[in-house]
Amino acid sequence: MKTSGILLIVNTLLLVVIWVFTGIKYAELPDVIPTHFDFQGNVDGESGKATIWVLPCIATFIHLLFIGIKDPNLSLLNVPQSFRNKRTLKLYLFSLELPVMVLFLDIIVESIRVAEGKQTELSDAVFFILGAMMMIIGIGLIKSFREGKTKSNG
């Protein structure tokens with residue numbers, strides 16, 4: 001099986017876990033839950049517990065969007081020219097989606113733990129996950145810059 005296929009399966013399983021975990025925990029949540037955190041991980045915004053469903057919905061939208069991108073030559077895609085083939089594009093998109101799904105799962109789990117009183121703030125895991133996402137984006141940017149220099153020099 002190709003790496004992109006494995007990443008697709010992992011991302012899909014993470015999405016299922018996001019929905020199932022949220023569904024299992026929803027009934028136990030208090031009426032008001034934390035929905036926003038500052039850079040130190042402290043709660044600085046709260047809403048009704050129904051807002052917990054926003055992140056699974058956004059995660060689903062991103063997942064379906066990445067699966068739905070079939071044409072590597074779409075003008076809206078900001079990827080290096082060497083990524084503009086189906087195999088490499090899927091690998092890049094699903095690699096980028098992985099930390100996004102892990103991030104959504106972590107935020108949901110930690111938000112619920114804060115709402116339940118088991119935790120007082122978000123952990124630093126969010127920053128590590130964001131770092132992984134930035135590294136993947138950085139690979140694409142470096143590749144784009146290198147291709148741009150090669151094109152302008154050639």
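**Q** Can you tell me about the pattern of salt bridges, naming the residues and giving the values?
**A** Here the structure, examined in full by the defined rule, presents three salt bridges. The closest approach of N and O atoms between K25 and E28, which form a salt bridge, is 3.9 Å. With relative accessibility at 53%, the residue E28 sits in the exposed group. Between K118 and E116 there is a salt bridge; the shortest N-O distance is 3.4 Å. Overall, the relative accessible area of 25% leaves E116 in the partly exposed class.

**Q** Just give me the short version of the packing of helix α1 (residues 3-26) against helix α2 (residues 54-68), but keep the residues and values in it.
**A** Here α1 crosses α2 at 160 degrees, and the two axes come no closer than 10 Å. Taken together, α1 and α2 sit at an angle that is classed as roughly antiparallel. The way α1 lies across α2 gives a crossing that is left-handed. Note on element contacts: α2 touches α1 through P56, C57, A59, T60, H63 and I67, opposite L8, N11, T12, L15, I18, W19 and T22. Classifying every residue of the contact of α1 with α2 by side-chain character gives eight nonpolar, five polar and no charged.

**Q** How would you summarise the pairing of strand β2 (residues 43-48) if you had to cite specific residues and measurements?
**A** Pairing analysis gives five bridges linking strand β1 (residues 32-37) to β2, with the strands arranged antiparallel. Across the sheet, the residue bridging to P34 is E46, located in β2. Hairpin connection, β1 to β2: the antiparallel pair is bridged by five residues, and G41 has positive phi, about 90 degrees.

**Q** An account of the environment of R84 is requested, with residue identities and associated values reported.
**A** Checked against the element boundaries, R84 lands in the loop between α2 and α3 (86-115). The exposure class of R84 is buried, given its relative accessible area of 18%. Those residues within four positions of R84 in sequence are excluded, and the remaining contacts are P72, N73, L74, L77, N78 and V79. A distance of 2.8 Å separates the side chain of R84 from the backbone oxygen of P72, its partner in a polar contact. In this structure the side chain of R84 is engaged in a polar contact, spanning 3.1 Å, whose partner is the backbone oxygen of L74.

**Q** Tell me about the environment of E97, residues and numbers included.
**A** Structurally, the position occupied by E97 is in helix α3. With sequence-adjacent residues up to four places away left out, E97 is seen in contact with N11, H63 and F66. Within the local environment of E97, its side chain forms a polar contact with the side chain of H63, the two groups lying 2.4 Å apart.

Calculation notes
Residues numbered from 1 in each chain as written. Predicted model: local features only at pLDDT ≥ 70, side-chain atom pairs only at ≥ 80, totals over all residues. Heavy atoms only, no water. Salt bridge = Lys/Arg side-chain N within 4 Å of Asp/Glu carboxyl O. Buried < 20%, exposed > 50% of the residue type's maximum accessible area, 1.4 Å probe, protein only. Axes fitted to C-alpha atoms, helices over the stretch in contact; angles between N-to-C directions. Helix = DSSP H or I, 4+ residues; strand = E, 2+ residues; numbered from the N terminus. Parallel < 35°, antiparallel > 145°, perpendicular 65-115°, else oblique. Left-handed = near helix turned anticlockwise from the far one by under 90°. Contact = heavy atoms within 4.5 Å. Nonpolar A, V, L, I, M, F, W, Y, C, P; charged D, E, K, R; others polar. Pairing = 2+ DSSP bridges. Polar contact = N/O pair within 3.5 Å; in protein donor to acceptor, adjacent residues only side chain to side chain.

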